[in-house]
Amino acid sequence: MRTAYKVLAYLVAAEVAVQAMVMVWAIAGLSKWVDSGGVFDKSVIEGSIETGAMPFPEVFGILVHGLNGTFVVPGIALLLLIVSFFAKVRGAIKWALIVFALVVVQGQLGFLGHDFPLGGALHGLNALALFGVALYAGRRLRASARRRDVSAPEAQVATPV
Amino acid sequence: MSLNGGLKIVLPILATVAIMAPLGWMWQTSRVPGTYSVMNMGYPDYGGGHVSDSSSGGEMQGHVHNHHSLPSRMITDLIVNPARPADVRVDLVTRQEMLTVGGRPMPGFTVNGVSPGPEIRARQGQLIEVQLRNESVSDGVTLHWHGIDVPNAMDGVAGVTQDAVPVGGEFTYRFVADQAGSFWYHSHQVSNPQVVGGLLGSLVVTPRSGIAQQVDVSAVAHTYGGLRTINGKAEDLRVPTQPGQRVRVRVTNTDNGPMKVWAGGSYRLLAVDGTEVHRPTEVSGRAVTLTAGARVELEVKVPGDGDAFRVQLTKTTAVIIGPQGADVAAPPQPNAELDLLAYGSPASLGFDPAQPSRRFDYRIDRRPGFVKGRPGMWWSINGHLYPNVPMYVVREGDVVLMHIENHSGEVHPMHLHGHHVVVLARNGVAATGSPWWVDSLNVLTNETYDVALVANNPGVWMDHCHNLKHAAQGMVAHLLYEGFDTPYRIAGPADNQPE
């Protein structure tokens, strides 16, 4: 379970990196397309994915960002929380809860950005917090595992026969 | 095992159950049966009007019963007199094939080999008969007559008013073109990919008395794979005219997003969604917003000096009107908007909205949850997710007020089938212009609209978001006339998927 916890925590961090990458990839593709005379509006974005005929290939980044953010990341964060109950490491639940809470906030800020663009700026800031916290949650488990290894023989001695 | 050890196992399991059980319950309740009738969807909303009878125990949350004392009448009866001969007869054949738009090949759909399909033209009062044959659209097709208040059985909604027409199948649509104006037709089976892919066309009904303009031109705007087009071509539409002529420009937005239209000089907005504006005045320096599915008719005058006149459909494409070869620079997009709430002069509505018999809310929000077993951020109607949405129940003759409110973060083009609604107020500000009748209404986030309609077209009618992607995500409710029922079902043997 501790390995699962570690993997899931790192996976959240990796997903945040992927989310940042695909978004910048999409925006870079958009500006290149606009440079070549393309015009981006609601009908262009709403219609392109269904037909499979995308105005520029990097539109795919927006699609990936949406699917990842709505389904994959919350799913991993939820799994991490459940795994944390079984990890039996001090603080594992607390840090999994913080990761989960930041994921919830992240999703809300993302959708808030559709209506209130400054929410989008906070979405970017919260991503950094989530990345750091997820990384820390994974790393502290590694550290605690090391401590456990060191203290293991001691614990055995203390066990009454 | 000690008590402590036992707890160490039980507690994590309990915590897991505490999280998963509500999610599992939400998932379970969001699932829909393999096949169902829209009559069994959601819960009845009588809007404070007459309640037909008990509404308990359907396949889903509620069940709108109509058995009352009388047996319910099937909507399949709601047709025009079969003995009356057609005045305009059209054969339409649908195919699934590659399109070439702006030199780019892309998968799509055609009607009689082209996209958009052929324009149907009729004179007001004529009976239009369309023989639809589906040659190769594998999911099946239907034709919905967007903006024409046809009899319910002719509305062309798969699983609600008919079965999807399979490959090799046929269906005959017959309706009287009572209203003059600009309309369009499109598939209402798997409608998002099919309409986006081009299964659509224009329908124009000219008034009995004819039009006052010398030139009448249709500009159907559609975006194919990111390419904006007019009448299927990714280029400006050139309309040869003589200096000084008056031109009626009919613009149809067939996309999922709103579109701005403006001109290089002054224009009059003659009609909105197939209804004439009362005493339209000259407008300049203002853009008109066409929501998804909406139409406008502009009157412009060709300059007398041999120059051309431009009507911009977004920044990308334009209708260029003038003598052969003449052109003019594209006018910049105005920031100012033509506000239809105060355009034209007031006129009688033909009914009194101050004495409504039903009042409904159509409140749109967005929240996390499950729709059809899938997790996501979904559109809700009055706080409920599909299919547990309201079924608005009316009786023939009712005056109905609907309060539309959007707090979902995105714009929604709201489209009620079979009826036109008149806008009474936006954000609490009363309309002061010409009666503003619409069938497709642009509702921005944090906007409210109060609209009214007369229930004068019995049947079961979709009331949905015409961003067809949103409809496919569950932004679909229905307006039901008490005493009516439909024999058609969503999914089922015909695999009806109206969205």
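Computed from a predicted structure; not experimentally measured. (Residues numbered from 1 in each chain as written. Chains lettered and ligands numbered in written order. Predicted model: local features only at pLDDT ≥ 70, side-chain atom pairs only at ≥ 80, totals over all residues.)

### Looking at unusual backbone geometry
All names here are of chain B.
Part 1 of the reasoning: Looking along the chain, the bond that leaves Ser115 and enters Pro116 is cis, with omega of -5°.
Part 2 of the reasoning: Relative to the helices and strands, Pro116 is located in the loop between strand 5 (104-111) and strand 6 (117-123).
Part 3 of the reasoning: Backbone geometry places Asp273, a non-glycine residue, at a positive phi of 50°.
Part 4 of the reasoning: With phi around 50°, Asn382 is a residue other than glycine that occupies positive phi space.
Part 5 of the reasoning: Considering the arrangement of structural elements, one finds Asn382 in the loop between strand 25 (374-381) and strand 26 (390-394).
Part 6 of the reasoning: Given 18 C-beta atoms within 10 Å, Asn382 falls into the partly exposed group. (Helix = DSSP H or I, 4+ residues; strand = E, 2+ residues; numbered from the N terminus. Buried ≥ 20, exposed ≤ 12 C-beta atoms within 10 Å, placed from the backbone.)

### Regarding the interface of chain A and chain B
Part 1 of the reasoning: Taken together, the contacts link 22 residues of chain A with 32 residues of chain B.
Part 2 of the reasoning: Listed by contribution, the elements that provide at least two residues to the side of chain A that touches chain B are helix 2 (42-51) and helix 3 (59-87) of chain A.
Part 3 of the reasoning: At eight residues, helix 2 of chain A tops the list of elements feeding residues into the side of chain A that touches chain B.
Part 4 of the reasoning: Of the residues contributing to the side of chain A that touches chain B, the split by class is ten nonpolar, seven polar and five charged. (Contact = placed C-beta atoms within 7 Å. Nonpolar A, V, L, I, M, F, W, Y, C, P; charged D, E, K, R; others polar.)

### Topic: the sheet that holds strand 35 (residues 476-481) of chain B
Strands in a sheet are paired, the pairing made by backbone hydrogen bonds, and the direction either parallel or antiparallel.
All names here are of chain B.
Part 1 of the reasoning: In spatial order, the strands read 2-26-35-34-28-32; together these six strands make up an open sheet with mixed pairing. Lying at the two open borders of the sheet, with one neighbouring strand each, are strand 2 (43-45) and strand 32 (440-443). If you compare each strand with its neighbour and ignore which way they point, the axes differ by 25° on average.
Part 2 of the reasoning: Of the strand pairs in this sheet, strand 2 and strand 26 are connected by three bridges, and their pairing is parallel. Bridged to Pro44 within strand 26 is Met391. (Pairing = 2+ DSSP bridges. Axes fitted to C-alpha atoms, helices over the stretch in contact; angles between N-to-C directions.)

### Observations regarding the domain arrangement of chain B
Residues and elements named next belong to chain B.
Part 1 of the reasoning: Each domain of chain B was delimited in the assignment, giving domain 1 (38-75 + 349-491), domain 2 (88-206) and domain 3 (215-338).
Part 2 of the reasoning: Contact residues are listed per partner, giving 17 residues for domain 1 and 14 residues for domain 3.
Part 3 of the reasoning: Per-element accounting of the side of domain 1 that touches domain 3 gives the leading share, three residues, to strand 32.
Part 4 of the reasoning: Of the residues that constitute the side of domain 1 that touches domain 3, the class distribution is eight nonpolar, seven polar and two charged. (Domains from an automatic or database assignment.)

### Details of the pairing of strand 4 (residues 88-101) of chain B
Residue and element names in this part refer to chain B.
Part 1 of the reasoning: Across seven bridges, strand 4 lies against strand 7 (residues 127-134) in parallel orientation. Counted as the bridge partner of Thr94 is Asn134 from strand 7.
Part 2 of the reasoning: Note that strand 4 and strand 5 share eight bridges and pair antiparallel. Each residue of the ladder has a partner; that of Thr100, found in strand 5, is Pro105.
Part 3 of the reasoning: What sits between the antiparallel neighbours strand 4 and strand 5 is a turn of two residues, in which Gly102 has the positive phi angle 55°.

### Considering the sheet that holds strand 8 (residues 144-146) of chain B
All names here are of chain B.
Part 1 of the reasoning: Read across the open sheet, the four strands follow the order 6-11-10-8; overall the sheet is mixed. Because the sheet does not close on itself, it has two edges, and the strands there are strand 6 and strand 8. With strand direction ignored, the average angle separating the axes of adjacent strands in the sheet is 25°.
Part 2 of the reasoning: Two strands pair when backbone bridges link them, and strand 8 and strand 10 (residues 181-186) are joined in this way by three bridges, in the antiparallel orientation. By the bridge assignment, His144 is partnered in strand 10 with His186.

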